[in-house]
Amino acid sequence: MEPSPSHPLQPILDQIPYQSGRSFVHQIESDQWKDLGVRKQDQLLIEFRPLKEGDLALILHHGQAILTRYRHLPQATFTPPAPLEPIPKDDAVLQGVVTCLVRTM
């Protein structure tokens, strides 16, 4: 059996050192985030940095990790895919901001 080809960015991701609180790779295990353009088996490079309008962000809400889109106006909220309701910024713990999506073909 032939080894499956890896994504061109995989060697770069493999070199990123794990730094708690700074950056990490998050593996997507389901298709529940397809409304945000993320599919099962995608890998996300997540860094902890200040939020900007439209950022894709991983948050903790009531102990559950949720991938969301950050919206600043009219109020700072995290918007998960439907049917979940927007979550106020002060009701979530920011885990990090998605800075790179790696999709293995």
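Residues numbered from 1 in each chain as written. Predicted model: local features only at pLDDT ≥ 70, side-chain atom pairs only at ≥ 80, totals over all residues. Heavy atoms only, no water.

A.B. asks: What exactly am I supposed to notice about the environment of Ile87 here?
C.D. replies: Within the secondary structure, Ile87 sits in strand E6 (residues 87-88). Residues Ile87 and Ile59 lie 28 residues apart in sequence; the distance between their C-alpha atoms is 9.9 Å. Aside from chain neighbours lying at most four places away, what touches Ile87 is Ile59, His61, Ile66, Thr77, Phe78, Pro80 and Ala92. (Helix = DSSP H or I, 4+ residues; strand = E, 2+ residues; numbered from the N terminus. Contact = heavy atoms within 4.5 Å.)

A.B. asks: Teacher, can you tell me more about the nonpolar core here?
C.D. replies: Counting residues in each nonpolar core, the largest one holds 19 residues, and the members touching the most others are Val38, Leu44, Leu67 and Phe78. Mapped onto this core, the elements with two or more residues apiece are strand E2 (43-47), strand E3 (56-61), strand E4 (64-71) and strand E7 (93-102). Examining the composition of this core, we find that four residues originate from one element, E3, more than from any other. Setting aside chain neighbours within four positions, we find Val38 in contact with Ile28, Trp33, Leu44, Leu56, Leu67, Leu101 and Arg103. (Core = buried A, V, L, I, M, F, W, Y, C linked by side-chain atoms within 4.5 Å. Buried < 20%, exposed > 50% of the residue type's maximum accessible area, 1.4 Å probe, protein only.)

A.B. asks: Sorry, what's going on with the sheet that holds E4 here?
C.D. replies: The strands that make up a sheet are held in pairs by hydrogen bonds between backbone atoms, and each pair lies either parallel or antiparallel. Spatially, the seven strands line up as an open sheet ordered E1-E2-E7-E3-E4-E5-E6, and their pairing is antiparallel. Looking at the sheet topology across the chains shown, the edges are occupied by strand E1 (23-27) and E6. Note: E3 against E4, six bridges, orientation antiparallel. Counterpart to Leu56 in the pairing with E4 is Arg69. (Pairing = 2+ DSSP bridges.)

A.B. asks: Would you take a moment to explain the pattern of salt bridges for this structure?
C.D. replies: Side-chain pairing between opposite charges can occur once the charged atoms of the two side chains come close. A complete count under the given rule lists three salt bridges for this structure. One salt bridge connects Arg103 with Asp42, and the closest N-O pair in it is separated by 2.7 Å. With a gap of 61 residues between them, Arg103 in the segment after E7 and Asp42 in the loop between E1 and E2 connect regions that are remote in the sequence. For Arg103, a relative accessible area of 18% corresponds to the buried category. Taking the shortest distance from any N to any O, the salt bridge between Glu53 and Arg71 comes out at 3.6 Å. (Salt bridge = Lys/Arg side-chain N within 4 Å of Asp/Glu carboxyl O.)

A.B. asks: Whenever I open this one, the side chain of Arg103 confuses me. Can you help?
C.D. replies: Within the structure, the side chain of Arg103 is placed 3.0 Å from the backbone oxygen of Gly37, a separation counted as a polar contact. A distance of 2.7 Å separates polar atoms of two side chains, one belonging to Arg103 and the other to Asp42. (Polar contact = N/O pair within 3.5 Å; in protein donor to acceptor, adjacent residues only side chain to side chain.)

A.B. asks: What exactly am I supposed to notice about unusual backbone geometry here?
C.D. replies: A negative phi angle characterises most non-glycine residues, just as the trans form characterises most peptide bonds. In this model, Leu73 is joined to Pro74 through a cis peptide bond whose omega is 5°. Among the structural elements, Pro74 can be located in the loop between E4 and strand E5 (77-79). Positive phi, close to 80°, is recorded for Gln41, a residue that is not glycine. The residue His62 is not glycine, and still its phi comes out positive at about 55°. Take His62: it is sitting in the loop between E3 and E4. Take His62: its relative accessible area is 70%, and that puts it in the exposed class.

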